[in-house]
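# Analysis of the macromolecular model
In case you want the letters, here they are:
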Protein chains: 4
Amino acid sequence: MKTRKIRSLNFDIERLGAARNSSPLHLSNSKGDNIVDYVSDAERILFDPTERQCERCREKGVTPPSLEAAGPRELIYFKPETVKAAILTAGGLCPGLNDVIRGIVLSLHYHYEVKEILGIRYGYRGLSAGSAEQPVALSPDAVENIHREGGSVLGCSRGRQDVPEMVEFIKERGINVLFTIGGDGTLRGAAAVSREAKRAGHELSVIGVPKTIDNDISYVERSFGFETAYAIAQTALRSGHDEARGAPNGIGLVKLMGRHCGFVAAMASLASGDANFVLVPELKFDLEGENGLLTALEERMRKAGHALIVVAEGAGQEFFKGQELGTDASGNPRLGDIGPFLKERIGQHFSGLGLEVNIKYIDPSYMIRSAPASATDSVFCLQLAQNAVHAAMSGRTDMIVGMWCNRFVHVPIQTAISERKQLDPEGATWLAVVEATGQPLSMENKTGKSV
Amino acid sequence: MKTRKIRSLNFDIERLGAARNSSPLHLSNSKGDNIVDYVSDAERILFDPTERQCERCREKGVTPPSLEAAGPRELIYFKPETVKAAILTAGGLCPGLNDVIRGIVLSLHYHYEVKEILGIRYGYRGLSAGSAEQPVALSPDAVENIHREGGSVLGCSRGRQDVPEMVEFIKERGINVLFTIGGDGTLRGAAAVSREAKRAGHELSVIGVPKTIDNDISYVERSFGFETAYAIAQTALRSGHDEARGAPNGIGLVKLMGRHCGFVAAMASLASGDANFVLVPELKFDLEGENGLLTALEERMRKAGHALIVVAEGAGQEFFKGQELGTDASGNPRLGDIGPFLKERIGQHFSGLGLEVNIKYIDPSYMIRSAPASATDSVFCLQLAQNAVHAAMSGRTDMIVGMWCNRFVHVPIQTAISERKQLDPEGATWLAVVEATGQPLSMENKTGKSV
Amino acid sequence: MKTRKIRSLNFDIERLGAARNSSPLHLSNSKGDNIVDYVSDAERILFDPTERQCERCREKGVTPPSLEAAGPRELIYFKPETVKAAILTAGGLCPGLNDVIRGIVLSLHYHYEVKEILGIRYGYRGLSAGSAEQPVALSPDAVENIHREGGSVLGCSRGRQDVPEMVEFIKERGINVLFTIGGDGTLRGAAAVSREAKRAGHELSVIGVPKTIDNDISYVERSFGFETAYAIAQTALRSGHDEARGAPNGIGLVKLMGRHCGFVAAMASLASGDANFVLVPELKFDLEGENGLLTALEERMRKAGHALIVVAEGAGQEFFKGQELGTDASGNPRLGDIGPFLKERIGQHFSGLGLEVNIKYIDPSYMIRSAPASATDSVFCLQLAQNAVHAAMSGRTDMIVGMWCNRFVHVPIQTAISERKQLDPEGATWLAVVEATGQPLSMENKTGKSV
Amino acid sequence: MKTRKIRSLNFDIERLGAARNSSPLHLSNSKGDNIVDYVSDAERILFDPTERQCERCREKGVTPPSLEAAGPRELIYFKPETVKAAILTAGGLCPGLNDVIRGIVLSLHYHYEVKEILGIRYGYRGLSAGSAEQPVALSPDAVENIHREGGSVLGCSRGRQDVPEMVEFIKERGINVLFTIGGDGTLRGAAAVSREAKRAGHELSVIGVPKTIDNDISYVERSFGFETAYAIAQTALRSGHDEARGAPNGIGLVKLMGRHCGFVAAMASLASGDANFVLVPELKFDLEGENGLLTALEERMRKAGHALIVVAEGAGQEFFKGQELGTDASGNPRLGDIGPFLKERIGQHFSGLGLEVNIKYIDPSYMIRSAPASATDSVFCLQLAQNAVHAAMSGRTDMIVGMWCNRFVHVPIQTAISERKQLDPEGATWLAVVEATGQPLSMENKTGKSV
C-alpha cells in the first residue's frame, strides 16, 4: 500500500457520545496486581510496525498512522439495562458464524447483563418490514452448543434491502445495538444503517464482525473461518495429489475460493506441501507460449509423471473477457468458471501431444463453507465476539473489529472496505508458495500476450 | 516486560562473515514487477508496535528496539556447492517436526542446490562420538510424505552431550550448517556448539528452529505445533465436558501441557467454549477459603450440576512444596502431578459435604505430542524451515527463526532464552479466558494464605 | 459355545398379547412390487449358519436353533394413540447414545404417531420416586441435532434402584413402553422391571438396546459404539507407535477398554497395524520366564529398537490376586490397574538389564467413551432404534434388539445376559491379531506358573 | 435372488493341485488349547442362513448351498521358498488399497517367509510387455507406513490388456501367485489370466480381492473402502444440510457414487440422519406428476423451508434415454450426469412457481475415493489380505475372498461376477432409508409414465 494512500486514511472511530457509565466488569486499572486490566482509549497499534516507518515519522516529526486497540473500557456508553441488542449474519456460510453468535450472546448476557438479545433471520432480509421470518430470542441456553456445528443458526441471505425500512424496523423494536456479521456488502449495509439511524435520530451502535472466507478485507490481518477453510482445502489438495499419483499421468486440479485474492489457494498449497502450480487472481498467467502454464505443466509431467494444480476461482478471468456472465444475488459480477475451463484446455493440450493424461477435478467449495470452525478459528471468533461487545457497549459505531500485528483493533467500516486485500505478489507468503511449489516466478509471456 | 529490560537486550545477529555470493534464487529487487523480492538486511520489525512506544522514542530521539526480518538475501555467505548441512530434533515430540525437517531438506535441495544433507538421529546424542545411530542421508525422496505423519523421522532424545565432542564430530563430517529443532535446552546446546565451533576454528552456521509445545519461548509470538496442540486438547475438553454432563454431578478434569505457562490450557479452553475453571502456572490459587477453587466449584455445582476444570501441568506447584521430586532426563525439575492431586482433593471436599460427584480425569498428553501438524502449523513449519535455510545460507549463526507482529524474524539465541514467555495475567488472552469461563478474577484468598 | 448349551437356550420372545391392530406404516406384503415389505414372525436367522450344523439337524430330524428376525410387523399390539413411551440411558457413556435416543423418538413420532415420549434423566435413578430430576418431553425438535454430539442428552448413572418403586413410577405416569439403553446391569434391571410390571398388572413393553463399548454381550454380533471406540483407540495406538519410534528404545503402552474381553484391544490393534503385543483377558500371560512377555519384549527391543503394547483393562488380573480392590458404583469388582503395573514392571526389567527404555503410557478411555458415533455406528444406532420401536409396538417385551449374521434380530434378555461374549482365542479375529502382531501364540510358560 | 438361480450357482473353488506341504504357521488343530486353529476345508457357511431355508432343504433331503470358509490351512500347496508373488491394483482409487497391499506383503513375508514379492505398476498395464513402468520390489520396509495414506502406492489404471501377453510376462518373471485388487472388470481379467495360465501350462494361483466403492459385487456382503466411503459422504451430506438450513429455501443436493446401486447413497443418508430424499438406481422415479419428486419436494419446502436430496450417480438414467453418451476408459457406458440435471430441473420447477430456492450442489467423489481407510476398513482390509494369502498358499485360484454372514469366505470369480449386487428395494436397508427420510414409498406415478 502506498504511503500517500495510508496518510489519507481515516482510522478514527465514531462514537455515539461520551462514555460515562462504569463498566460492570470489575477489571483492574493497575499493572502488577494480577487482575486483568481495562484497555485504555490511548492504546494504539501502528499501521506499519517497521523500524523504517518509525524512523521516517521521527524525521518528519509526525505521528505514524495507527489503529485503536479493542477491548473492555472502564467507562461505557450504554447503561446495560437499556440495551436491546440484535445480531445478524449475511452473505454465504463461513466456518465460525455460530461461534461468533454464541460469543456475542454470552458476552452480552454474562458480562454486561444485557437481557434482550434478538437473532435476526436470514441477514438484512430479516430486518425488512415484510419478512416472513420474525427475530428469535437468543439466550445462553439457546446458543449452548451451536459452536460445535457449521452453518449459521440464524441463516444467511444475499441481496439488498431498503435502508430506511430497516432502520424503521430497528427503531420500532427498540434495538440500540446491532451486530452485523458479514463481508464487504454486509459492511456497506451496516455503514448505511448506522448513518441512516443517525439521520433518523435513533441512537444505534452498529458493530461489524468481518466475515470473508477469502480473507480479503483490508486492515483485517486474518478473517475468521479462513484457517478452517484452508485446512479443509488441504484435504482436497491431498485428494488431488493422491489421485494424481494413483493414475498414469495423473493431474489433480482443485478449484478453491478466492474471487479477488489467492489467500485460500496459497495457504492450502503451503499446508499441503504437494502443490505444483498455484494460480491466483493477483497474478496473470498465460496458457500457451514459452512461459505459459501448459508448457511448464508439460515439463512437470515428463519429469515426474503427475502434477497438482490449485486454482483460485478468480484466477485467469482474462480468459473469459467478452463473455456476458451477469451478476449473482449479491450483485457481484459472476466469474468465468476457471476450473472446467482449465480441465478442458489441459486435456486438449496433452491430447494434441498424444499423451494420455488423467485429470481429476475437485471443487470442495460447500464442504468448506459449511464446516464447523477449527480450534484456532473458534478462539478467534470468541475474541472477535467479546471485543465486538466491548466496542458496542462503549458506544462506538460504524466500525469493525479487526486484527493487526496480532492484536485486536477497531477499524472504521469505510476504511476497511476502501479496497480489497490481496496477496502481495512480491511478499513473504507468495515467496513461500513459489519456493514450495517450484513453479516459475512468472507464467506470463514476456510480450504479455495472453492466449 | 519492563522497558529497562528491553533496552538492555541484544537483537543483533551474529554472522560468520560478509555475504559475497549471489543467491541462486533469482528473485527481484524492485517493487512493481510482480516478481517476489529479496529481503533487505535493513528490514526490521519493532519490538513494541504501539504508537506510544514510537512516540516515546521520538521524544527521546532514540531508535526503538527491533528485530531483523527473516527471508532470502540477494547476497549469501556460503557457496551452495560447499555446504554440508545437518538437521537434528531434540526434546519431546511436538506436532510439525517432520514438516520442519521436510521443509529444510526441500529448501536446501531445490532452492540452494545443496546436495549433502544429513539427518542426525535422536538429537544431540547422534552427534556424540559413540552414538550407535549413524546419521542418515536426507533427500527430497526420503522426506516426500513425512509431513503427513506425527513424530519425528529422526527421533528425539533428552539429555546433554559433551560439546567439544559434538563439534569434533561435526568437523570430522565436514558439516558447516546445522539446524537444531528443539526447546530451551536444545537452544542452549545450539549456542554452545556455535561458540565452541568458533573457538575450534570450524566455520559453522547454527540455526535454531524453536520447538515448544508449551509456547513458552520469548520473542516467538507462536511456536510450531502449538495450534495443533490446543486443537487436540480441545477435543479432550469436549470429552471432559460431555462426560461431566453425562453423569449426575459430573466434573471433567483435564490436565494439559504447560510447565511454566498456561498457553495451551488457556487457548484450548477458549476453543472449547465449555471450560469453567482454567488453572495456570502464572496465577496462584487457593483450594479452601472464601476465594478458593473448591468454594467456587461448589457454587458452580449447586447452580449447574456439572463443571469442567482445565489445569496446566505446572499450575499449583506450591501445593507440592517441600516434596523432593528430583529432575527428569532433560535436567528439568520434576513437577508435582497436579491432576491426580486435584482429583483427590475435589473428591474429598464434596465427599465431606455429602454430595456425590463423578470426576472424570483426562490426560491427553502423548496423544497431543505425537499428532501430525494441523494445516495452520504445516504452513508455519514450512515457512520457519524456509527462513531457517535462508538465514543459514546468509551466514548467520547462533540465532533462531521466530515470529513477531506476524512476520518472520531473526532472534539471537541468548535473547530468546533469556527468560521464559508466560501468559500476561492482566492481558488480552487471559481476559478472554476470564470472560469465557466466568471464573473469579482471582482465586487467591486475600491474606494470601495458601491451603 | 457348546452344543448342549445352545440347545438349552430359550430364543422365544415374550409378548404382551396378540397383535391385532394394523400397522400405520403402509408397507407391502408382496414381493416384486418394489415397495418395502413387512417382516413376518416366521422369519428366523440360524444361530449357527454353517453347513455342518444344518446337516447335523437334518440327520437328527430337528429344527436348528434360530433367532427371530426384527422389523416392522403388519399387525401390531398397541394402538399408537394409547402409547406413552419412555427412554433411559444407563451405565457409562458410549458413542451413539444420542443416535439411539433420536432414532427412537423419530420412529415413534413419525412412523407410529406416538405423541408422548419421555426422556428419563440419569438412568434408573430418574425412575425412582425421589429423583431430583424429572423426565423431559422428547420431540423431533428436541432431538434434531443431538446425534452430532457425544455423550447422552438424558445423562447416565450407575447403581441400582428399587424395582417396585420404579414400576410404581412407570404406572403413575402411564408409561406403557420403556426403552432401556444400557449394558449387562441395565438389562438385568430391564428384565426385573418387565417381570414386576407383569406381576403388578401394568401392561408394559420393555425393550433393551444393548450398550457395551466392550462389545461383550452375547447374541449381539456387534454392539453400537464399538466401531467408534476402536477407531479412536486406533489413534491412541498411532500416538503410542509414533512416540515409541520417536525416542531411543521407545515403548508405547496403551490401555484400552475391555473388562472381560479383548475386542477393543484386538480390533484397534488390527486397525493400527503397528501393535506388537496385544494382551487380553481371554488369554493369561506370564511376565518372566521363557515364554513371558518381558522375554518377548526384550527380543523385540533388541531387534527393532521400539515396540507398541496394547493391553485391555481386564487383562493380567491374576497379577492382582489377593488384593482387596472392592467394587464400583455399578457393583462390579474393581480391576487391578494393569497399565501402570506393566509400565513399572517393564521399566524395572530393562533397568535391571542396564538398557534405558522410554515408556510412554496412554489411557484414552474417556476420550473414547464421550466421542460422537462414527458413520457406521450412526447407521447401526438408527437401525437398532427403528427395530426397537417396531418390537415395542408389536407388543414384545423383555427382549433386546441384536444383530446376528448381519441381520437384526430379537433376543430374550435372559438369554443375552446368560454369559458374557469373549474373543475366541482359537478363532478368526485372534488369528488375525497373532498374524498382524507377530506375537507368540502363547505367552504362558509351559508349567503354567505365573510370575 | 431366486431359488432356481442359487441352485444353479457353482460355489466350488478351483485348486492347482493337492495340498501336501505343511503350513509354517504352527497353529493348532485341537479345540481347548487356547492356540489359534487352522481352518478345515469342510467349514462352509450357508448361502441363506435362515431357518426356512434349512427346513426346506431338510424336507427335500438336499444339502443347502454354502460357501467355503477362508483361513489358514494345515496343508498348503506351495513350498514357500518357491513362491514368487505379484500384486496389482486396478480401476479407480478406493480407500484401503494400501492396507490390502501392505497386509498381503506382511503376510507373505512373515507368515510364509516368501521373499520375492513384486508390485505391478498401474494395474494390468504393468503386466503388458511394453509397459514403461517396471514392477517394484515390495518388502515390509517398503510398505511400513503406506496404510496411513489414501490412494495406491502401485497406481491404478483402467482399460484392457492382451491376456496371453500378460501371461507371457508372468511366466517370464516366474510369478506363480498373483493378487489382483479391483472391481468387476479386474476380476474378469483375473479369471482370464487364470484360465490362460492353465492353458499355457504355467502354474499360477490368481486370487482376487474385490474392490468396489459402490459395494456392488455379489456374494461379498461388504466391500473394503465402502464404510470409509459413506463416512466421508456423510460429511458431504452434513454440508448439504447445513447449507440448506443456512439460506432461505435452501436445498442441498449431493451426488454420490453408485453406478448400478444405491448402497453409498443409502448408508450415507442413514448415517447423516438429515436426508429427505434418497434417489437410487434400483428405484425409478418420476419428476413431475402426483407421485413425482418435484411434487414431494415442493411439499417439503412449504412445510420445512429446506431439504436435502441425495442422489446416486446411476439413478434416474431413464431421463437420459436416447442420448449418445459413449463409454469410459474401462469400457463402461458413460452415465448421464444426474446431479446437474436435477439441479436444473428443480431450479426450473420452483422458478415456475415463483419461489426462490437456493440450491447447493456437492459432488465429493474424488475426496471419497482418495481417502485413507477408516479403522473399520483397515481391519477389514487386513483380514482380506491375510485370507487372500492363505488361499493362494493353499493352491486355490480363480477365486475372490469375500464376506458372508460376517465370516470370510471363498467365492469363485465367475459366481461373484455373475450379477451385480443391488439394494433390495423391499428389504431392511431400504426400509431404514424410507423410515429415516420419510420419503414416499414410491415416487413413480401409477401410470408409470416418466417425465
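Residues numbered from 1 in each chain as written. Chains lettered and ligands numbered in written order. Predicted model: local features only at pLDDT ≥ 70, side-chain atom pairs only at ≥ 80, totals over all residues.

What follows is about the overall build of chain A. Assigned secondary structure in chain A consists of 13 helices and 17 strands. For 451 residues, the compact-globule formula gives about 22 Å, and the C-alpha radius of gyration of chain A, at 24 Å, lands near that figure. If you line up chain A on its principal axes, its C-alpha atoms span 75 × 60 × 45 Å. A total of 451 residues make up chain A; the buried ones form 61% of that total. (Helix = DSSP H or I, 4+ residues; strand = E, 2+ residues; numbered from the N terminus. Rg over C-alpha atoms; globule rule 2.2 N^0.38 Å. Buried ≥ 20, exposed ≤ 12 C-beta atoms within 10 Å, placed from the backbone.)

Here we take up the sheet that holds strand 13 (residues 307-312) of chain B. Residue and element names in this part refer to chain B. If you walk across this open sheet you meet the 4 strands as 12-13-11-14, and the pairing is parallel. The open sheet has two free edges, formed respectively by strand 12 (277-279) and strand 14 (358-362), since each of these has just one partner strand. Along the sheet, successive strands turn relative to each other by an average axial angle of 15°, direction set aside. Sheet topology places strand 11 (residues 250-256) next to strand 13; 6 bridges connect them, and they run parallel. Within strand 13, the position partnered with Ile251 by the bridge is Ala307. Across the sheet, helix 7 (residues 226-245) lies against strand 11, strand 13 and strand 14, angled at about 165° from strand 11, the strand it touches most. (Pairing = 2+ DSSP bridges. Axes fitted to C-alpha atoms, helices over the stretch in contact; angles between N-to-C directions. Contact = placed C-beta atoms within 7 Å.)

Here the focus is the domain arrangement of chain A. Domain boundaries assigned for chain A yield domain 1 (67-223 + 373-416) and domain 2 (227-370 + 425-437). Among the residues making up the side of domain 1 of chain A that touches domain 2 of chain A, the classes are represented as 5 nonpolar, 10 polar and 4 charged. (Domains from an automatic or database assignment. Nonpolar A, V, L, I, M, F, W, Y, C, P; charged D, E, K, R; others polar.)

Before going further, it helps to examine the relation of the copies chain C and chain D. Screw-axis analysis of chain C against chain D gives a translation of 0.0 Å along the axis, an RMSD of 0.0 Å, and a rotation angle of 180°. Taken together, the rotation and translation describe the operation of a two-fold axis. Distance from the rotation axis, computed per C-alpha, reaches its smallest value in chain C at Cys405 of chain C: 2.2 Å. Comparing interface residues between copies, 100% of those in chain C also sit at the interface in chain D, which points to an isologous, same-surface contact. (Least-squares fit on C-alpha atoms with pLDDT ≥ 70 in both.)

Okay, the nonpolar core next. By size, the foremost hydrophobic cluster in this structure holds 622 residues, and its most contacted members are Val310 of chain A, Val310 of chain B, Val310 of chain C together with Val310 of chain D. Ignoring sequence-local partners within four residues, the contact set of Val310 of chain C consists of Leu237, Val254, Leu256, Ala265, Ala268, Ser269, Ala275, Phe277 and Val278 of chain C. (Core = buried A, V, L, I, M, F, W, Y, C linked by C-beta atoms within 7 Å.)

Further remarks concern the interface of chain C and chain D. Contacts between chain C and chain D engage 60 residues on the former and 60 residues on the latter. For the side of chain C that touches chain D, the secondary structure elements donating two or more residues are strand 3 (44-46), helix 2 (51-60), helix 3 (97-111), helix 6 (226-245), helix 7 (263-272), helix 11 (375-393) and helix 13 (428-437) of chain C. Residues that form the side of chain C that touches chain D fall into these classes: 28 nonpolar, 20 polar and 12 charged.

Glancing now at the environment of Ser365 of chain D. Assignment of secondary structure puts Ser365 of chain D in helix 10 (residues 365-369). Sequence separation between Ser365 of chain D and Gln383 of chain D is 18 residues; the distance between their C-alpha atoms is 26 Å.

Between chain B and chain A, which share one sequence, the superposing operator has a rotation angle of 180° and an axial displacement of 0.0 Å; the RMSD is 0.0 Å. Residue by residue, 100% of the interface of chain B is reproduced at the interface of chain A, so both copies engage with the same surface.

The next subject is the interface of chain B and chain A. Opposite the 60 residues of chain B that make contact, chain A presents 60 residues. Within the residue set of the side of chain B that touches chain A, elements represented by two or more residues are strand 3 (44-46), helix 2 (51-60), helix 3 (97-112), helix 7, helix 8 (263-272), helix 12 (375-393) and helix 14 (428-437) of chain B. Residue composition of the side of chain B that touches chain A, by class: 28 nonpolar, 20 polar and 12 charged.

In terms of burial, helix 14 of chain B is a largely internal element, 9 of the 10 residues being buried. Buried within helix 14 of chain B are the following residues: Ala428, Trp430, Leu431, Ala432, Val433, Val434, Glu435, Ala436 and Thr437 of chain B. Tucked into the core, helix 14 of chain B has its buried residues touching helix 3 (97-111), helix 11 (375-393) and strand 17 (407-412) of chain A together with helix 8 and strand 12 of chain B.

What follows deals with the packing of helix 4 (residues 163-173) of chain A against helix 5 (residues 184-199) of chain A. All names here are of chain A. Put simply, helix 4 and helix 5 touch, their axes get as near as 9 Å, and they point 65° apart. The orientation of helix 4 with respect to helix 5, classified from their angle, is roughly perpendicular. For the crossing formed where helix 4 meets helix 5, the hand is right-handed. Where helix 4 approaches helix 5, its residues Val163, Pro164, Met166, Val167 and Ile170 are matched on the opposing element by Ala192, Val193, Glu196 and Ala197. Taken together, the residues of the contact of helix 4 with helix 5 sort by class into 8 nonpolar, no polar and 1 charged. (Parallel < 35°, antiparallel > 145°, perpendicular 65-115°, else oblique. Left-handed = near helix turned anticlockwise from the far one by under 90°.)

The next subject is the environment of Gln383 of chain B. With respect to the helices and strands, the residue Gln383 of chain B is situated in helix 12. C-beta crowding within 10 Å serves as the criterion here: with 24 such atoms nearby, Gln383 of chain B is assigned to the buried category. As a C-alpha pair, Gln383 of chain B and Ile104 of chain B span 279 residues in sequence and 9.4 Å in three-dimensional space. Among residues more than four places away in sequence, those in contact with Gln383 of chain B are Ala432 of chain A together with Phe408 of chain B.

Residues and elements named next belong to chain D. Taken N-terminus to C-terminus, the directions of helix 7 (residues 263-272) and helix 13 (residues 428-437) make an angle of 45°; their axes are 10 Å apart at the nearest point. Comparing the axis directions of helix 7 and helix 13 gives the class oblique. Read as a crossing pair, helix 7 and helix 13 show a hand that is left-handed. Facing Ala266, Ser269 and Leu270 of helix 7, the residues of helix 13 in contact are Thr429, Trp430, Ala432, Val433, Ala436 and Thr437. A class-by-class count of the residues in the contact of helix 7 with helix 13 yields 6 nonpolar, 3 polar and no charged.

Residues and elements named next belong to chain C. Taken in spatial order, the 4 strands make up an open sheet running 12-13-11-14, and their pairing is parallel. Looking at the sheet topology across the chains shown, the edges are occupied by strand 12 (277-279) and strand 14 (358-362). The mean angle between the axes of side-by-side strands here comes to 15°, regardless of whether they run parallel or antiparallel. Lying over the sheet, helix 6 contacts strand 11 (250-256), strand 13 (307-312) and strand 14, oriented at roughly 165° with respect to strand 11.

Despite not being glycine, Cys405 of chain B shows a phi value in the positive range, around 50°. Phi at Tyr219 of chain D is positive, roughly 65°, even though this residue is not glycine. Structurally, Tyr219 of chain D can be placed in the loop between strand 10 (205-210) and helix 6 (226-245). Owing to 23 C-beta atoms within 10 Å, Tyr219 of chain D belongs among the buried residues under this scheme.

Time to look at the environment of Glu313 of chain D. All names here are of chain D. With respect to the element layout, Glu313 can be found in the loop between strand 13 (307-312) and helix 9 (338-352). Separated by 54 residues in the primary sequence, Glu313 and Arg259 have C-alpha atoms spaced 5.6 Å apart. If we ignore the near neighbours within four places in the chain, the residues touching Glu313 are Lys255, Leu256, Met257, Gly258, Arg259, Leu335 and Ile338.

On to helix 9 (residues 293-304) of chain B, then. Residue and element names in this part refer to chain B. Across its 12 residues, helix 9 extends 16 Å between first and last C-alpha, which sits within 8% of the 16 Å expected from 1.5 Å per residue. Those residues of helix 9 that sit buried are Leu293, Leu294, Leu297 and Met301. Down the axis of helix 9, the buried side of the element spans an arc of 85°, and every buried residue falls inside it. Of the exposed residues in helix 9, those oriented more than 90 degrees away from the buried face are Glu299, Arg302 and Lys303. (Expected span 1.5 Å × (residues − 1). Arc of directions from axis to C-beta.)

Our next topic: the pairing of strand 7 (residues 116-119) of chain A. Residue and element names in this part refer to chain A. Of the strand pairs in this sheet, strand 6 (residues 84-89) and strand 7 are connected by 4 bridges, and their pairing is parallel. The partner of Ile87 across the bridge, within strand 7, is Gly119. In this region the chain leaves strand 6, passes through helix 3 and returns to the parallel neighbour strand 7; the handedness of that crossover is right-handed. Two elements, strand 7 and strand 8 (residues 136-137), share 2 bridges in a ladder whose sense is antiparallel. Looking across to strand 8, one finds that Leu118 is bridged to Ala137. (Right-handed = clockwise from strand over helix to strand, strands pointing away.)

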